[in-house]
Each structure stands twice: as structure tokens, then as C-alpha cells.
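One letter stands for each residue in the lines below.
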Amino acid sequence: MNAEIISVGTELILGQIADTNAVCIARRLAECGFNVLYKTAVGDDIDALGAALRIATERAELIIVTGGLGPTEDDITRQAVAAVLGVELSLNEDAFRHMQELFLLRHLEIPPTNKIQAMIPSGGTIIPNKIGTASGFAVTFRRAEIICLPGVPVEMKQMLEEWVIPHILKKSGLVQTKAIRYVHTFGMSESMVDEKIKGLMGRENNPRAGTMVGEGVVSICLCADAESRAKALELLDEAEREVRRLLGEVVFGIDGEGLEHAVAYLLKRGDKTIATAESCTGGLVSDLLTNVPGVSDCFVEGIVAYSNKVKVEILGVPEGLIYTVGAVSPEVACAMAGGVRRRANVDIGLGITGIAGPTGATPDKPAGLVYIAFETDSDVICKERRFLGERVNVKRQAALEALNMVRLYLLSMGNASS
Ligand code: ATP
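Predicted model, so just to flag it, every value in this text is computed and none were measured.

S.K.: I would appreciate a short explanation of the site of the ligand in the present structure.
M.R.: Around the ligand lies a shell of 19 residues, among which Asp 19, Leu 69, Gly 70, Asp 75 and Gly 151 are the nearest. The separation between a nitrogen atom of the ligand and a polar side-chain atom of Asp 19 is 2.8 Å. One of the backbone nitrogen or oxygen atoms of Gly 68 is found 3.1 Å away from an oxygen atom of the ligand. The protein chains hide 75% of the 610 Å² of surface that the ligand would expose on its own. Residue assignment for the shell around the ligand shows that the elements contributing at least two residues are helix H1 (10-13) and helix H2 (20-31).

S.K.: Could you clarify how one ought to interpret helix H6 (residues 153-172) in this entry?
M.R.: The α-helix winds at 3.6 residues per turn, so residues separated by three or four positions along the chain end up facing the same way. At Leu 160, H6 is deflected by roughly 45°, the largest bend along its length. Where H6 is buried, its residues touch H2, strand E3 (62-66), strand E6 (125-127), strand E7 (136-141) and strand E8 (144-149). Positive backbone phi, at 75°, marks Gly 173, one or two positions downstream of H6.

S.K.: Explanation requested: the nonpolar core in the structure shown.
M.R.: If you look at soluble globular proteins, the nonpolar side chains tend to sit buried side by side. Val 285, Leu 350, Ile 352 and Val 370 are the most contacted members of the largest nonpolar core, which has 37 residues in total. Sorting the residues of this core by element identifies helix H9 (259-269), helix H10 (284-289), strand E15 (348-354), strand E16 (369-375) and helix H14 (391-417) as the ones contributing at least two each. It is H14 that contributes the most residues to this core, 11 residues altogether. Those residues in contact with Val 285 that sit more than four places away from it in its chain are Thr 276, Glu 278, Leu 350, Ile 352, Ala 399, Ala 402 and Leu 403.

S.K.: Is there a simple way to think about the packing of aromatic side chains in this case?
M.R.: One pair of aromatic rings is described through two measures. These are the centre distance and the angle between the planes. In the structure shown here, the tally under the stated rule is 1 aromatic pair. When the ring of Phe 374 is compared with that of Tyr 409, the centres are 4.9 Å apart and the planes differ by 65°; the resulting orientation is edge-to-face. One end of the pair, Phe 374, is in strand E16; the other, Tyr 409, is in helix H14, and 35 residues separate them in sequence. When its relative accessible area of 2% is taken as the criterion, Phe 374 is described as buried. Its end group placed over the ring of Phe 103, Arg 106 keeps NZ or CZ at 5.6 Å from the ring centre. Of note, Lys 115 hangs over the ring of Phe 96, and the distance from its end group to the ring centre comes to 5.5 Å.

S.K.: Sorry, what's going on with the sheet that holds strand E11 (residues 217-225) here?
M.R.: Hydrogen bonds between backbone groups are what pair the strands of a sheet, and the pairing can be parallel or antiparallel. Strand order in this open sheet of 4 strands is E10-E11-E9-E12, and the pairing throughout is antiparallel. Each edge of the open sheet is held by one strand with a lone partner, namely strand E10 (208-214) and strand E12 (251-254). Ignoring strand direction, the axes of neighbouring strands in this sheet form an average angle of 25°. Here helix H8 (residues 229-247) sits on the sheet and contacts strand E9 (178-186), E11 and E12; the angle it forms with E9, its principal contact strand, is near 20°.

S.K.: Looking at this model, I keep getting lost on the pairing of E11. Mind explaining?
M.R.: On a regular strand, one side chain projects to one face of the sheet and the next to the other, so that they alternate. Burial analysis of E11 places 7 of its 9 residues in the buried class, the great majority of the element. Bridge count between E9 and E11: 9 bridges; the pairing is antiparallel. Note on E11: the bridge partner recorded for Arg 181 is Leu 222. The hairpin formed by E10 and E11 contains 2 residues between the paired strands, and Glu 215 there has a positive phi angle of roughly 50°.

S.K.: What's the story with the side chain of Thr 133 in this structure? I'm lost.
M.R.: Within the secondary structure, Thr 133 is located in the loop between E6 and E7. Judged by its relative accessible area of 14%, Thr 133 is buried. Within the local environment of Thr 133, its side chain forms a polar contact with the side chain of Gln 117, the two groups lying 2.8 Å apart. Setting aside residues up to four positions removed in sequence, Thr 133 forms contacts with Met 99, Leu 102, Phe 103, Arg 106, Asn 114 and Gln 117.

S.K.: Hey, could you run me through the sheet that holds E15 in this one?
M.R.: If you trace the 5 strands from one edge of the open sheet to the other, you get E14-E13-E15-E16-E17, paired in mixed fashion. In this open sheet, the two strands that pair with only one neighbour each are strand E14 (299-304) and strand E17 (380-386). Put simply, the sheet's adjacent strands are angled 10° from each other on average, direction ignored. Pairing between E16 and E17: 7 bridges, direction antiparallel. Across the sheet, residue Ile 372 finds its bridge partner in E17, namely Lys 383.

S.K.: Even after reading the chapter, I still don't get the state of the cysteines, so can you show me in this structure?
M.R.: Such a bond, covalent and formed between the sulfur atoms of two cysteines, is termed a disulfide. One pass over the structure, following the stated rule, counts 0 disulfides. With no disulfide partner, Cys 24 has as its closest neighbouring cysteine sulfur the one in Cys 32, 11 Å distant. The buried category is assigned to Cys 24, whose relative accessible area is 17%.

S.K.: Please clarify how helix H5 (residues 93-105) should be interpreted in this entry.
M.R.: Along its 13 residues, H5 runs 18 Å from first to last C-alpha, staying within 8% of the 18 Å computed at 1.5 Å per residue. Among the residues making up H5, those that are buried are Ala 95, Phe 96, His 98, Met 99, Leu 102 and Phe 103. Buried residues along H5 cover an arc of 160° about the axis, so they all sit on one side. Exposed side of H5, more than 90 degrees from the buried face: Leu 104 and Leu 105 are the residues found there. Looking at the buried side of H5, the elements it contacts are strand E4 (89-91) and E6.

Reading guide: rules and limits
- Residues numbered from 1 in each chain as written.
- Predicted model: local features only at pLDDT ≥ 70, side-chain atom pairs only at ≥ 80, totals over all residues.
- Heavy atoms only, no water.
- Near = heavy atom within 4 Å.
- Polar contact = N/O pair within 3.5 Å; in protein donor to acceptor, adjacent residues only side chain to side chain.
- Areas by Shrake-Rupley, 256 points an atom, 1.4 Å probe, with all protein chains shown as cover.
- Helix = DSSP H or I, 4+ residues; strand = E, 2+ residues; numbered from the N terminus.
- Bend = angle between axes of the 7 residues up to and from the residue.
- Contact = heavy atoms within 4.5 Å.
- Core = buried A, V, L, I, M, F, W, Y, C linked by side-chain atoms within 4.5 Å.
- Buried < 20%, exposed > 50% of the residue type's maximum accessible area, 1.4 Å probe, protein only.
- Phe/Tyr/Trp six-rings, centres within 6.5 Å; stacked < 30°, edge-to-face > 60°.
- Lys NZ or Arg CZ within 6 Å of the ring centre and 35° of its normal.
- Pairing = 2+ DSSP bridges.
- Axes fitted to C-alpha atoms, helices over the stretch in contact; angles between N-to-C directions.
- Disulfide = S-S within 2.5 Å.
- Expected span 1.5 Å × (residues − 1).
- Arc of directions from axis to C-beta.

Encoded structure:
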């Protein structure tokens with residue numbers, strides 16, 4: 001069965017945001033056995049969206065539209081669909097009640113403009129939005145079903161999984177036969193990963209593997225196709241085991257797992273605690289760690305020690321040390337790690353200092369130079385790294401590198417004690 005995805009929003013076609021919704025929908029439709037023929041992005045223009053919808057209904061049986069269901073003038077999806085169908089918009093009482101409840105929860109009155117979000121083309125079926133105020137809807141036009149979802153990714157995903165996927169599987173009689181899994185690695189180049197797993201990458205392989213890279217993380221995408229989803233998942237399990245065997249400890253997680261999840265898991269498993277003292281990363285490591293639910297068991301304190309004053313007064317870094325070797329030095333990174341470790345009374349203290357750039361560089365200390373240190377009761381380890389890219393990239397790469405250092409250390413401790 002042919003499917004098509006239409007993403008709505010001028011910010012998408014101006015390149016201001018990436019169309020991650022289309023990626024997510026395409027992946028799920030492919031897993032369900034749909035043939036995704038086209039992905040289109042359209043600006044907030046009622047005529048352009050109408051034209052895109054008409055074209056799509058001529059070549060696909062399922063069209064999923066995302067975005068443009070907000071309350072403002074430029075949100076035109078419901079009006080464009082109603083115009084294509086030649087029907088009016090009508091108020092859906094259930095959707096309106098849900099919106100009233102959401103506003104009541106926030107102790108707010110419904111602005112008159114928001115009422116439009118409970119309106120759908122007459123004859124359509126409402127798709128509940130548990131998280132936000134924009135309900136989705138499904139309508140039929142000629143031989144095609146058009147399903148409209150909000151643009152906010154978390155709302156779109158929840159509605160896709162809870163309503164759309166069960167609905168389209170039931171309606172089409174298709175069974176999910178495909179499954180996709182991402183295995184993430186850190187610390188090995190993409191070409192080296194390719195080389196090591198090349199046996200899994202041939203066209204004839206099932207699952208078939210491909211690689212992608214971003215911010216030092218190389219991910220292997222495994223795509224399995226079998227007679228049932230359960231069988232496809234089994235094939236993925238086997239392939240994941242093989243990837244782990246071939247790549248070893250550079251593998252840190254799958255799908256939505258980041259390095260922070262791996263670190264939190266290993267800290268809990270080893271019954272260890274950590275505290276961080278960050279200068280150039282500005283609290284990014286703490287931010288990542290606190291994305292992991294339940295991390296308060298092992299993450300005790302995070303200090304953004306940006307100024308020398310804070311390094312000295314809060315972390316106890318000797319002032320003379322900063323004066324003699326500079327704030328960006330292995331000695332200061334180690335002193336920060338030790339200082340925060342003693343202060344928070346934890347097993348691992350992490351210290352990061354560097355030059356995120358583009359200012360602050362000197363001939364012997366270029367932008368992108370970062371020292372990452374950690375102290376435990378038995379070790380003090382410091383690594384020098386030189387990152388390329390803009391300020392935000394340097395910060396992010398340094399934070400990921402620091403998490404990876406801690407991960408590898410915890411792994412080695414686990415291996416030593418087992
Ligand atoms: P809302 O009720 O929040 O206005 P909506 O359906 O009108 O929902 P949009 O206004 O189009 O959605 O988008 C809301 C936000 O969701 C955008 O600012 C953007 O950050 C994000 N978003 C929209 N479309 C996409 C997309 N295709 N991929 C990723 N993010 C998106």
C-alpha cells in the first residue's frame with residue numbers, strides 16, 4: 001500500500017528547522033509494511049497545501065500530514081483539508097472538552113482563538129491529543145485516507161503510536177514485518193566501523209546494516225524484514241549481538257539511549273556516585289545526566305565553575321596554580337575534579353576546562369583545546385582533546401567525550417571486579 005507524508009510549516013522550507021517528524025513517520029510506516037513513495041514539505045499556504053494534498057491522493061492510499069494545526073492565522077492544515085474535501089469545519093465537542101480541561105489544569109482561560117483547534121472537517125474522525133491542545137483528525141478523500149497530526153514532535157509521536165499505527169494496520173490488513181534498530185558507538189571513526197562490520201552491510205543481508213555519524217557518535221542502522229515483526233525483532237537481536245561482538249566497548253547503547261544513559265546505568269550497577277565541575281561545557285554534562293530518569297541515585301552535584309574565582313573559592317583550586325599554568329591546563333582540570341569530588345563526597349569527581357572559542361585562544365592554547373579529568377579514590381586521569389567546529393560543537397563534543405571517559409572507566413572497573 002502506497003503512503004505519502006506531507007510536512008507543513010514555512011520554517012521547514014526555509015531550512016529553519018529539520019523535518020524530524022517526516023523521518024519518524026517514514027520509519028514507522030516502513031516498519032508497518034507501507035510503501036512510502038514521497039515526502040513533501042509545504043509552507044503555511046492554503047493553496048500550496050491543497051495542491052499537494054490533491055496530488056498525493058492521486059498516487060497514495062494513505063497520506064499523513066504533520067503541522068499547521070495550531071490556533072494562529074498561519075496554521076492552515078484543517079482549512080486546506082476542508083477545502084479539498086469541499087466541506088465546512090465543525091466543532092468536535094469531545095476535543096473542545098479536552099482543551100477546556102487542559103486549560104483548567106493550568107489555571108488559564110481558553111483564548112477565543114484556540115477554539116479552532118477543536119474544529120475538524122465535517123465527517124472526519126477526531127484523533128485525541130493527550131498532551132497538547134491541537135487534536136488531529138482523519139478524513140477520506142476518494143480512495144485515500146488523510147490523517148492530520150500536530151507538528152510538535154512529542155505530540156505527533158504519541159498520537160502516531162497510540163492511534164495512527166493501530167488504526168492503519170487494522171484498516172490495511174498489513175502486518176508489521178520490518179523492524180529497525182540503531183546501535184550507537186563512540187570513539188571509533190565511521191570508516192573503521194564500516195570496515196569492522198562490512199560483513200553485515202551487503203544488500204543481500206537481513207538485517208541490512210548502514211552507518212551514520214554525528215558529533216562523534218557513529219550509529220549503525222539495522223533494518224530487518226521477516227514474515228512477522230516478532231521474527232524481525234529476533235533477527236535484530238542476533239545482529240545487535242554480532243555488532244557488539246565485532247565492535248566491543250565502543251558500543252554504548254541502542255535507539256534513544258545516549259552516553260548519559262550508559263553512564264547512569266554503569267554508576268548504578270557499580271553503586272558509584274559522581275559530581276561534576278564544568279568550565280567550558282557550561283553544565284552540559286550535568287544537563288545530559290539529568291535527562292536520565294532516576295539519576296539522582298548517583299549524580300550528586302554539578303558546578304558550573306566558569307570564573308577563576310569560583311574555581312578557587314568553591315572548588316579549592318589553588319590560585320597560584322591557575323596563575324602559573326593557566327585555567328586551561330591538565331593541572332587545573334585535575335584540581336577541579338578533586339575539588340568537586342571532596343566537596344560532594346562522591347566516588348568520581350569530573351573536571352572539564354577548555355577553550356570553546358572562537359575568542360580566548362593563544363598560540364599554544366588554540367580554540368577547541370579541552371582538558372577532561374576525573375578523580376576516584378585510586379586514580380586521577382586527565383586527557384587532552386582538540387575539537388574542531390563552532391563554540392556549541394566544541395562544548396557538545398567535550399561533554400560527550402567526558403561522559404565516554406567515565407563510561408569506559410566504569411566498564412573497566414566492572415570487568416576488573418567480575
Ligand atoms: P501547535 O498547536 O503547537 O501550534 P501545530 O500543529 O500548529 O501545533 P506547528 O505550529 O506547525 O504545529 O509546529 C509547532 C512546532 O513543532 C514548531 O515550532 C517546530 O518546533 C515543531 N515542528 C513542526 N513541524 C515539525 C516537523 N515536521 N519536524 C520537526 N519539528 C516540527
